[in-house]
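A structural walkthrough
In case you want the letters, here they are:
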Amino acid sequence: MLTYESGITNRQTNMAKNVIAILNQKGGVGKTTTAINLAAFLTKTGRSVLVVDADPQANTTSGLGLDKNSLDSTLYDVLFSHPEASTTIQKIGRVGLYLLPANANLAGAEVELVNTPARELQLKKVLDQLDFDYILIDCPPSLGLLSVNALSAATDVLIPVQSEYYAMEGLSQLLATIQQVRQALNPNLNILGVVITLYDNRTSLSQQVKTELERHFGDKLFETLIPRNVRLAEAPSFGRTIIEHDKWSKGARAYKALAKELERRLQS
Ligand SMILES: Nc1ncnc2c1ncn2[C@@H]1O[C@H](COP(=O)(O)OP(=O)(O)OP(=O)(O)O)[C@@H](O)[C@H]1O
Ligand SMILES: [Mg+2]
């Protein structure tokens, strides 16, 4: 198991074992909720987990209890003025959990990256120097340069899909972007899978969406369903993961199952 110190030591050659971009350009599908709570459960087996907040909305940063308006340094600074990522990474209450935070400054990154050499690879350069068992990147709801940076830095992509009528909308564009990144920048990028979020088994719509996603994605669809659960929605307002907020809730049990299923997939 990696200690905090070894987790943030610069190591030019050692890439983290698993860098997972959590991406869907649709807003409000559960990317941030998944990043925070999946990360929390991945630490349970003694792993070191870094969550990278790559969204200018900085919901992961505030959801993990940090005040996004009083940060000395954020992902934006790491990308553009190159301080050590290790001084920007914050230790979160849960053992093994770390955050590379963001604030609204990151909105400028989409524009500033355009004129940066190797503009798609800036995040990869930062993450390659870190040594965590897992790095989860919470992406913004767009397929702009921040998301392309996340895909270029990642070993895997996890796609949360909300069980609603328009669930499939945009997925072909997302898959096409992943394919372009594979061809141009990151040939080994793996689609780890699609996870259904905000599932309500009382509605036939949720079941229809599940059937449709099974048809399209086959065994890429995670068996674990993340239910709509009010405890998951409340937790970020307390700056807590679901483990600290209500570890017996349906939402907590679902993210625990998702972490297990994800680890199984990565090992197979
Ligand atoms: N399983 C769930 N049950 C209940 N509420 C949820 C669940 N997942 C997410 N939410 C709530 O739905 C809203 C959107 O979730 P979240 O912020 O995780 O989505 P997102 O994809 O990160 O959004 P954005 O695209 O804006 O970054 C939030 O208010 C969140 O608390
Ligand atoms: Mg989000």
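Here the structure is shown first, and the text comes after it.
1. A short note on the side chain of T43
Mapping T43 onto the fold places it in the loop between α2 (31–42) and β2 (49–53). For T43, the contacting residues outside a window of four places in its chain are V49, R94, V95, G96 and L97.

2. With respect to the nonpolar core
Core analysis: the largest hydrophobic core is formed by 51 residues, its most contacted members being L50, V52, L123, L127, I137 and I159. The element contributing the most residues to this core is helix α8 (residues 145–153), with six residues. With residues up to four places along the chain from it excluded, the contact list for I159 reads L23, N24, L171, L174, L175, I178, I191, G193, V194 and V195. With 33 residues, the next largest nonpolar core counts I20, V51, L99 and L136 among its residues.

3. Regarding the environment of P83
Counting through the fold element by element, P83 comes out in the loop between α4 (75–80) and α5 (85–88). Considered as a pair, P83 and S73 are 10 residues apart in the sequence and their alpha carbons are 8.6 Å apart.

4. Observations concerning empty space enclosed by the protein
Counted under the stated rule, the structure contains one cavity of 30 Å³ or more. A volume near 30 Å³ is recorded for the largest cavity. Elements supplying a minimum of two residues to the lining of the largest cavity: α4 and α8. Counting residues per element, the lining of the largest cavity draws most heavily on α8, which supplies three residues. Here the lining of the largest cavity is built from residues that sort into six nonpolar, one polar and no charged.

5. As for the layout of surface pockets
In this model, the largest pocket occupies a volume close to 450 Å³. Around the largest pocket sit 28 residues that line it, and G30, K31, T32, T33 and L232 are the ones nearest its centre. Looking at the lining of the largest pocket, the elements that each hand over two or more residues are α2, α3 (59–63), β7 (190–199), β8 (221–227) and α11 (230–234). Among the elements that make up the lining of the largest pocket, the one with the highest residue count is α2 (six residues). In the lining of the largest pocket, the residues fall into 12 nonpolar, 12 polar and four charged.

6. Some thoughts on helix α9 (residues 171–184)
Spacing of three or four residues puts side chains on the same side of an α-helix, whose turn is 3.6 residues. Here α9 spans 20 Å end to end across 14 residues, near enough to the 20 Å set by a 1.5 Å rise per residue. Within α9, the full set of buried residues consists of L171, L174, T177, I178 and V181. Along α9, the residues classed as buried sweep out an arc of 120° about the axis, all on the same side. Those residues of α9 that are exposed and aimed more than 90 degrees away from the buried face are S172, Q180, Q183 and A184. Check the buried side of α9 and you find it contacts α8, β6 (156–162), β7 and α10 (204–217).

7. Some thoughts on the packing of aromatic side chains
Applying the stated criterion across every chain, the model contains three aromatic pairs. Ring centres 5.0 Å apart and planes at 40° place the aromatic pair Y76 and F80 in the tilted group. Taken together, the residues span about one helical turn, with Y76 and F80 both in helix α4 at a distance of four residues. Owing to a relative accessible area of 22%, F80 belongs among the partly exposed residues under this scheme. With a centroid separation of 5.4 Å and an interplanar angle of 55°, the aromatic rings of Y98 and F132 are classed as tilted. Taken together, the positions of Y98 in strand β4 (residues 97–100) and F132 in the loop between α7 (122–128) and β5 (134–138) put the pair 34 residues apart, joining distant regions of the chain. Between the NZ or CZ atom of R265 and the centre of the ring of F222, over which it lies, the distance is 3.9 Å.

Here is what the cut-offs are and how they apply
Residue indices begin from 1 for each chain and proceed along its sequence in written order. The lettering of chains begins at A and the numbering of ligands begins at 1, in the order of writing. For a predicted model such as this one, the threshold for reporting local features is a pLDDT of at least 70, and the threshold for listing and counting side-chain atom pairs is 80 or more; totals across whole chains, interfaces and linings nevertheless cover every residue. Heavy atoms throughout the structure, all of them, feed into the side-chain values; hydrogens and water do not. Helix numbering and strand numbering both begin at the N terminus, where a helix is a DSSP run of H or I of at least 4 residues and a strand a DSSP run of E of at least 2. Residues count as neighbours in contact if any of their non-hydrogen atoms are within 4.5 Å of one another. In this description, a nonpolar core means a group of buried Ala, Val, Leu, Ile, Met, Phe, Trp, Tyr and Cys residues linked to one another through side-chain atoms lying within 4.5 Å. In this scheme, a residue with accessible area under 20% of its type's maximum is buried, one over 50% is exposed, and one in between is partly exposed, where area comes from a 1.4 Å probe on protein chains only. Only protein atoms enter the 1 Å grid used here. Points where a 1.4 Å probe fits but cannot escape make up a cavity, open sets with protein on both sides within 12 Å along at least five of seven lines make up a pocket, and a residue lines them when an atom lies within 4 Å of a point. Grid points are joined across faces, edges and corners, and a volume is the space filled by probe spheres set on the points. Each residue is assigned to one class: nonpolar for Ala, Val, Leu, Ile, Met, Phe, Trp, Tyr, Cys and Pro, charged for Asp, Glu, Lys and Arg, and polar for all the others, Gly among them. For a helix, the expected span equals 1.5 Å multiplied by the residue count minus one. Each C-beta atom gives one direction from the helix axis, and the arc is the one those directions make. Stacked, edge-to-face and tilted are the three classes for Phe, Tyr and Trp ring pairs, Trp counted by its six-membered ring, which pair at centre distances within 6.5 Å; planes under 30 degrees apart are stacked, over 60 edge-to-face, the rest tilted. The criterion is that NZ of a Lys, or CZ of an Arg, lies within 6 Å of the ring centre and within 35 degrees of the ring normal, and then a charge sits over that ring.

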